[in-house]
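The residues making up each chain are set out below.
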Amino acid sequence: MSQYFFKRNYTPADIAEVKEWFDARWDRLPRRLDLNEATVYEDLPATLQAYFEIYKIHGEKPAFAGQLHQIFLIRDRLIANGME
């Protein structure tokens, strides 16, 4: 389970922290990631770029909190899979 519980609003600090984590590992990201039994990302880098773009365009609007929450779930899965 993610240490980040779903939030209706993600702050700039929340997103900056997780973006920094991904930026430091971007060249090591797998192309495909099985997040869980129901969610598979076939092009993880493109998906993450889209999710960060959503935040850039829409900011803290609650309508996009689900997509932004995925960023934190993806990071947790990558850590669980051994990415440091």
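Preceding block: the structure.
Overview of the structure. (Residues numbered from 1 in each chain as written. Predicted model: local features only at pLDDT ≥ 70, side-chain atom pairs only at ≥ 80, totals over all residues. Heavy atoms only, no water.)

### A look at the overall build of the protein
So, step 1. On a plain count of helices and strands, the protein comes out with 3 helices and 2 strands.
So, step 2. Beginning at the N terminus, the succession of helices and strands in the protein can be written as α-β-β-α-α.
So, step 3. A globule of 84 residues ought to have a C-alpha radius of gyration of about 12 Å, and the protein, at 12 Å, matches this closely.
So, step 4. Judged by the C-alpha coordinates and their principal axes, the protein covers about 30 × 25 × 20 Å.
So, step 5. Looking at the protein as a whole, 38% of its 84 residues qualify as buried.
So, step 6. For the protein, the exposed area adds up to about 5,200 Å²; of that, 53% sits on carbon and sulfur atoms. (Helix = DSSP H or I, 4+ residues; strand = E, 2+ residues; numbered from the N terminus. Rg over C-alpha atoms; globule rule 2.2 N^0.38 Å. Buried < 20%, exposed > 50% of the residue type's maximum accessible area, 1.4 Å probe, protein only. Areas by Shrake-Rupley, 256 points an atom, 1.4 Å probe, with all protein chains shown as cover.)

### Quick look at the side chain of arginine 25
So, step 1. Here arginine 25 is to be found in helix H1 (residues 12-25).
So, step 2. No salt bridge is formed by the buried arginine 25; the nearest opposite charge belongs to glutamate 20, separated by 7.6 Å.
So, step 3. Once you skip the residues sitting within four places of it in the chain, arginine 25 turns out to touch Met83 and Glu84. (Lys, Arg positive; Asp, Glu negative; His and termini not counted. Salt bridge = Lys/Arg side-chain N within 4 Å of Asp/Glu carboxyl O. Contact = heavy atoms within 4.5 Å.)

### Quick notes on the environment of phenylalanine 52
So, step 1. Along the chain, phenylalanine 52 turns up in helix H2 (residues 44-58).
So, step 2. Judged by relative accessible area, which is 10%, phenylalanine 52 ranks as buried.
So, step 3. Sequence separation between phenylalanine 52 and alanine 13 is 39 residues, and the spatial gap between their C-alpha atoms is 13 Å.
So, step 4. Setting aside anything within four residues of it in sequence, one finds phenylalanine 52 in contact with Ile15, Val18, Lys19, Phe22 and Ile71.

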